[in-house]
Amino acid sequence: MLKFKKSDYDAIRRHGEETYPHECCGVLLGRFEDDGARTITSTARAGNTRTDSAHNRYNIDPRELVRIQREARDRGEDILGFYHSHPDHPARWSSTDLAEAHWLGCSYVITSVEKGKAVLTNSFELTGTDESDKRLVDEQIVIA
Ligand SMILES: [Zn+2]
């Protein structure tokens, strides 16, 4: 289960509308709860380094990710997952999304943006023990 504040949930959806028709991407920060839930306490926008095919690919600059992670740690937050948008495509993960997902135990949130308007937002948890058996599993989103 992935818990959002309404403001953070709205922020990642708005981000996808702003970058339309290109994909947006960013990082979800917060804490892992004892019961297995994740509670998001902030989000960080990231630049999409994929300029060749920014409408269906996203990539966060590793240096930017290191900076986001360091600043989050200073605030007592962990990286809980990543978000991106699917302009004019369903809010389901693609084979590329799975191939490029490497953070086991983290959430991958996808928002479909149709004609510039955010529609559905879904979350998928990357489960498995390593790269060979990883998979993305539907995860419930709760807005608190
Ligand atoms: Zn995707």
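Refer to the preceding data block for the structure.
Residues numbered from 1 in each chain as written. Predicted model: local features only at pLDDT ≥ 70, side-chain atom pairs only at ≥ 80, totals over all residues. Heavy atoms only, no water.

Q: Outline the environment of Glu 77, listing residues and values.
A: Within the fold, Glu 77 resides in the loop between helix H2 (62-74) and strand E4 (78-87). Judged by its relative accessible area of 10%, Glu 77 is buried. Separated by 29 residues in sequence, Glu 77 and Cys 106 place their C-alpha atoms 14 Å apart. Discounting residues that sit within four places of it in the chain, Glu 77 has contacts with Leu 29, Gly 30, Thr 41, Ser 42 and Ala 72. In terms of polar contacts, Glu 77 uses its side chain to reach the side chain of Ser 42, at 3.1 Å. (Helix = DSSP H or I, 4+ residues; strand = E, 2+ residues; numbered from the N terminus. Buried < 20%, exposed > 50% of the residue type's maximum accessible area, 1.4 Å probe, protein only. Contact = heavy atoms within 4.5 Å. Polar contact = N/O pair within 3.5 Å; in protein donor to acceptor, adjacent residues only side chain to side chain.)

Q: If you had to explain H2 to someone new, which residues and values would you point to?
A: Taking 1.5 Å per residue as the helical rise, H2 with its 13 residues ought to reach 18 Å, and the 19 Å between its terminal C-alpha atoms agrees with that figure. Regarding H2, the residues found buried are Glu 64, Leu 65, Ile 68 and Ala 72. Buried residues along H2 cover an arc of 100° about the axis, so they all sit on one side. Along H2, the residues that are exposed and aim more than 90 degrees away from the buried face are Pro 62, Arg 63, Arg 73 and Asp 74. Measuring from the backbone nitrogen of Arg 63 back to the side-chain oxygen at the start of H2 gives 2.9 Å, which picks out Asp 61 as the cap. Two residues or fewer past H2, Gly 76 is found with a positive phi of approximately 80°. (Expected span 1.5 Å × (residues − 1). Arc of directions from axis to C-beta.)

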